Amino acid sequence: MIKVLLFAGMQERAGKSEIQLNEPHLLVSEIKRKLETQYDFPQMFTGCLSAVNEEFADDDTEVRSGDVVAFIPPVSGG
Amino acid sequence: MKPFEITENTISVQEVVDKVIHPDAGAVNTFIGTVREMTKGKRTTYLKYEAYIPMAEKQLSKIGEEIAAEWPDSKCAITHRIGELGISEIAVVIAVSTPHRAHSFEACRYAIERIKEIVPIWKKEHWEDGSMWVGDQLETTSYSKGHPESEGESK
């Protein structure tokens, strides 16, 4: 199982902060496509960075069961 | 005592400063980020900060590593607050100590700029008539009801 974390505006849009995907492995890009379809939200990840296990990752990073993927919308700390 | 910390509590400036004080330091520079009332003519009533806490703390310590590599014998501590903050409350405190003053100014400035680039923290501005996640390119207009119009929205 892959755990996906959503934050800020994406979390509100999806109505949840965490999504479980019952897949042994997926690319980050495949997870994005899955969620865009699930939430009927084609531009869901525009401007968004991805992290796997708390490190920034790319679209072609492979995610395995047990990993935590986080989608990071444009940050605004400080 | 964590040098790089996300907290839900009020930040003590002195506590952050104390983390970087040591006998070989000749300068301590601090940056204090506070909640501003007026932004582009609009009155903020409060801000809500959210973070991906474990990654945010990791990223803050990465900034500390970058500073240690760039400015020799420097020491850095950063605390960022999350949750609801009212006008003039402290959102972030950075302290950098160095042997000489010039480096402490440079490194402190560097730290706040990097926070705005690589640390997963988000702020939502709340006004009397709505709210918006700052930096959110998905929702560039304010939500008319103070929240996005989506089904299953819990709040």
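Keep in mind that what you see is a predicted model, and the values were worked out from it rather than measured. (Residues numbered from 1 in each chain as written. Chains lettered and ligands numbered in written order. Predicted model: local features only at pLDDT ≥ 70, side-chain atom pairs only at ≥ 80, totals over all residues. Heavy atoms only, no water.)

**A look at the sheet that holds strand β1 (residues 4-7) of chain B**
All names here are of chain B. Taken in spatial order, the 4 strands line up as β1-β5-β7-β2 in an open sheet, and their pairing is mixed. The outermost strands of the open sheet, each flanked by one partner alone, are β1 and β2 (27-34). Averaged over all pairs of adjacent strands, the angle between their axes in this sheet comes to 10°, without regard to strand direction. The pairing of β1 with strand β5 (residues 75-81) spans 4 bridges and is classified as parallel. Counterpart to I6 in the pairing with β5 is H80. Packed on one face of the sheet, helix α2 (residues 53-70) meets β1, β5 and β7 (90-98) and runs near 150° to β1. The sheet contacts of helix α3 (residues 101-118) involve β2, β5 and β7, and relative to β7 the element is tilted by about 145°. (Pairing = 2+ DSSP bridges. Helix = DSSP H or I, 4+ residues; strand = E, 2+ residues; numbered from the N terminus. Axes fitted to C-alpha atoms, helices over the stretch in contact; angles between N-to-C directions. Contact = heavy atoms within 4.5 Å.)

**So, the pattern of salt bridges**
All names here are of chain B. In the structure shown here, the tally under the stated rule is 16 salt bridges over all chains. The shortest N-O distance in the salt bridge between E57 and K2 comes to 3.1 Å. With E57 in helix α2 and K2 in the segment before β1, this pair connects stretches of sequence that are 55 residues apart. The exposure class assigned to K2 is partly exposed, which follows from its relative accessible area of 42%. The salt bridge involving R114 is made with E66; its shortest N-O contact spans 2.9 Å. In this pair, R114 is assigned in helix α3 and E66 in helix α2, connecting sequence segments 48 residues apart. (Salt bridge = Lys/Arg side-chain N within 4 Å of Asp/Glu carboxyl O. Buried < 20%, exposed > 50% of the residue type's maximum accessible area, 1.4 Å probe, protein only.)

So far we have only geometry, and geometry alone does not tell us how the molecule works.
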